[in-house]
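Observations on the model geometry
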Amino acid sequence: LSAEVAAPPWVTVELAKQEGGPLLLHLVNFKPKETIRNIKALVRPPAEFRVKEAVLVVPEDHTEIKLDLVADQGGVSMVIPSMRVYALVILRSEKA
């Protein structure tokens, strides 16, 4: 279980797994006046977790966007189009 995110150093990232549920990739921008665009993320889930879909949730915009997934380096990669303060990527498995 790991994540790599190509974002400025003031963007923090946390990847968590809910028991029996999805993986949650949290991103927080500590320079919220700067919109960050085209953030590339690579998530390597546990072997038993096959990612079916990824949904980007941006609370301040009240939006949910389904992200395109690409199999990459033993995981899945995606591009987060933009974020200001907080973004959450919900990665659901075939079972969850």
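How each quantity is defined
- Residues numbered from 1 in each chain as written.
- Predicted model: local features only at pLDDT ≥ 70, side-chain atom pairs only at ≥ 80, totals over all residues.
- Heavy atoms only, no water.
- Helix = DSSP H or I, 4+ residues; strand = E, 2+ residues; numbered from the N terminus.
- Rg over C-alpha atoms; globule rule 2.2 N^0.38 Å.
- Buried < 20%, exposed > 50% of the residue type's maximum accessible area, 1.4 Å probe, protein only.
- Contact = heavy atoms within 4.5 Å.
- Lys, Arg positive; Asp, Glu negative; His and termini not counted.
- Charge placed at Lys NZ, Arg CZ, Asp CG, Glu CD.
- Core = buried A, V, L, I, M, F, W, Y, C linked by side-chain atoms within 4.5 Å.
- Pairing = 2+ DSSP bridges.
- Axes fitted to C-alpha atoms, helices over the stretch in contact; angles between N-to-C directions.

1. Looking at the overall build of the protein
- Across its full length, the protein carries zero helices and nine strands.
- Secondary structure elements in the protein, listed N-terminal to C-terminal, are β-β-β-β-β-β-β-β-β.
- The C-alpha radius of gyration of the protein comes to 13 Å, within 12% of the 12 Å expected for a compact globule of 96 residues.
- Reported as C-alpha extents along the three principal axes, the dimensions of the protein are approximately 40 × 25 × 20 Å.
- Out of the 96 residues in the protein, the part that is buried amounts to 39%.
- For the protein, long-range pairs separated by at least 24 residues make up 65% of all intrachain contacts whose partners lie at least 6 apart in sequence.
- One way to put it: in the protein the 12 positive side-chain charges average out to a point 2 Å from where the 12 negative ones average out.

2. Notes on the nonpolar core
- Membership of the largest hydrophobic core comes to 22 residues, with the highest contact counts inside it found for Leu25, Leu27, Met78, Ile80, Val89 and Leu91.
- At the level of elements, strand S2 (11–17), strand S3 (23–29), strand S4 (36–44), strand S5 (51–58), strand S8 (75–83) and strand S9 (86–93) are the ones that each hand at least two residues to this core.
- Core analysis: the next-biggest nonpolar cluster, separate from the first, contains five residues, Leu24, Val57, Leu88 and Ile90 among them.

3. Focus on the sheet that holds S4
- Spatially, the four strands line up as an open sheet ordered S1-S4-S8-S7, and their pairing is antiparallel. With partners counted over all chains shown, the strands left at the sheet margins are strand S1 (2–6) and strand S7 (70–72), one partner each. Across the sheet, the mean angle separating the axes of adjacent strands is 35° when strand polarity is ignored.
- Bridge count between S7 and S8: three bridges; the pairing is antiparallel. Following the sheet pairing, Ala71 is matched in S8 by Val76.

4. Thoughts on the environment of Gly21
- Structurally, Gly21 can be placed in the loop between S2 and S3.
- Between the C-alpha atoms of Gly21 and Ile90, which are 69 residues apart in sequence, the distance is 9.8 Å.

5. Observations concerning unusual backbone geometry
- Even without a glycine there, the phi angle at Asn38 is positive, about 50°.
- Note on placement: Asn38 falls in strand S4.
- The class of Asn38 is exposed, set by a relative accessible area of 53%.
- Residues other than glycine seldom take positive phi values, yet His62 does so here, at roughly 55°.
- The residue His62 is located in the loop between S5 and strand S6 (63–67) in this model.

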